[in-house]
Amino acid sequence: ANPANYTAGSNGAKPSEEINYRIIAKNNYNSPIAGLFISDTVPANTTFKSVTLTPAVSKTIYRVNNGAWSSTIPAASLPAGTVIDIAPDTNNDNQPDVMTANTSLSADFVVVVK
């Protein structure tokens, strides 16, 4: 089933409509994963609007097109093909945190149809 507030349909989205989607990372192992981040490429025929992490963390960092990590939220309207990475950085070292064993993290992306 689709998560709450997310739909999958076959009718397609119309220009200027928003598409919301979620990418979920799960660590099902008994040991932590170092430097975990979630990455996605802005889909064809859309522009980037926003991305947020769940669960919320004290500090989130972002990276655009493999540049430097930054706490600056990526600009809305980034074009299709742009790679956006997002990660928690609760220890403030400007690097993705370790993901502890048996936890999950999700990134909720919003794009606008061209």
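Thresholds, definitions, all that
- Residues numbered from 1 in each chain as written.
- Predicted model: local features only at pLDDT ≥ 70, side-chain atom pairs only at ≥ 80, totals over all residues.
- Heavy atoms only, no water.
- Helix = DSSP H or I, 4+ residues; strand = E, 2+ residues; numbered from the N terminus.
- Buried < 20%, exposed > 50% of the residue type's maximum accessible area, 1.4 Å probe, protein only.
- Contact = heavy atoms within 4.5 Å.
- Areas by Shrake-Rupley, 256 points an atom, 1.4 Å probe, with all protein chains shown as cover.
- Lys, Arg positive; Asp, Glu negative; His and termini not counted.
- Charge placed at Lys NZ, Arg CZ, Asp CG, Glu CD.
- Core = buried A, V, L, I, M, F, W, Y, C linked by side-chain atoms within 4.5 Å.
- Pairing = 2+ DSSP bridges.
- Phe/Tyr/Trp six-rings, centres within 6.5 Å; stacked < 30°, edge-to-face > 60°.
- Lys NZ or Arg CZ within 6 Å of the ring centre and 35° of its normal.
- Axes fitted to C-alpha atoms, helices over the stretch in contact; angles between N-to-C directions.
- Salt bridge = Lys/Arg side-chain N within 4 Å of Asp/Glu carboxyl O.

Draft legend 1. The overall build of the protein chain, seen in detail. Scanning the protein chain from N- to C-terminus turns up 0 helices and 6 strands. In the protein chain, the succession of helices and strands from N to C terminus is β-β-β-β-β-β. Within the protein chain, the fraction of its 114 residues that count as buried is 33%. The long-range fraction of contacts in the protein chain, counting pairs at least 24 apart against all pairs at least 6 apart in sequence, stands at 74%. Of the roughly 6,800 Å² of accessible surface on the protein chain, 51% is carried by carbon and sulfur atoms. In the protein chain, 7 positive and 8 negative side-chain charges are present, and the distance between their average locations comes to 6 Å.

Draft legend 2. Region of interest: the nonpolar core. Core analysis: the biggest nonpolar cluster contains 16 residues, and Ile38, Phe48, Val51, Ile84, Ile86, Ala107 and Phe109 have the highest contact counts within it. When residues of this core are traced back to their parent elements, those giving at least two are strand E3 (46-54), strand E5 (83-88) and strand E6 (103-113). Per-element accounting of this core gives the leading share, 4 residues, to E6. When sequence neighbours within four positions are dropped, the list of residues in contact with isoleucine 86 reads Phe37, Ile38, Val51, Thr52, Leu53, Thr60, Ile61, Tyr62, Trp69 and Ala107.

Draft legend 3. Local environment of the pairing of E6. The element E6 is largely enclosed, with a buried count of 8 among its 11 residues. Pairing of E3 with E6 involves 8 bridges; the strand directions are antiparallel. Within E6, the residue paired with leucine 53 across the bridge is alanine 107.

Draft legend 4. Focus on the packing of aromatic side chains. Under the defined criterion, the tally for this structure stands at 2 aromatic pairs. Centre to centre, the rings of phenylalanine 37 and tryptophan 69 are 5.5 Å apart; their planes meet at 70°, and the pair counts as edge-to-face. Remark: tryptophan 69 occurs in the loop between strand E4 (60-64) and E5 and phenylalanine 37 occurs in the loop between strand E1 (18-27) and strand E2 (38-41); sequence separation between them is 32 residues. It is arginine 63 that lies over the ring of phenylalanine 37; its NZ or CZ is 4.8 Å from the centre.

Draft legend 5. Spatial organisation of the sheet that holds E5. The antiparallel open sheet is built from 3 strands, whose spatial order is E2-E5-E4. Bordering the open sheet on either side are E2 and E4, each of which pairs with just one other strand. Direction aside, neighbouring strands of the sheet carry axes that sit 20° apart on average.

Draft legend 6. View of the pattern of salt bridges. A complete count under the given rule lists 4 salt bridges for this structure. Measuring nitrogen to oxygen at the nearest pair gives 2.2 Å for the salt bridge that ties lysine 49 to glutamate 18. Within this pair, whereas lysine 49 is found in strand E3, its partner glutamate 18 is found in strand E1, the two being separated by 31 residues in sequence. A salt bridge links arginine 22 to aspartate 108, with the shortest nitrogen-to-oxygen separation between them at 2.6 Å. A residue pair is termed long-range when its members are at least 10 positions apart, and arginine 22 in strand E1 and aspartate 108 in strand E6 qualify at 86 residues. Assessed through its relative accessible area of 34%, arginine 22 is described here as partly exposed.

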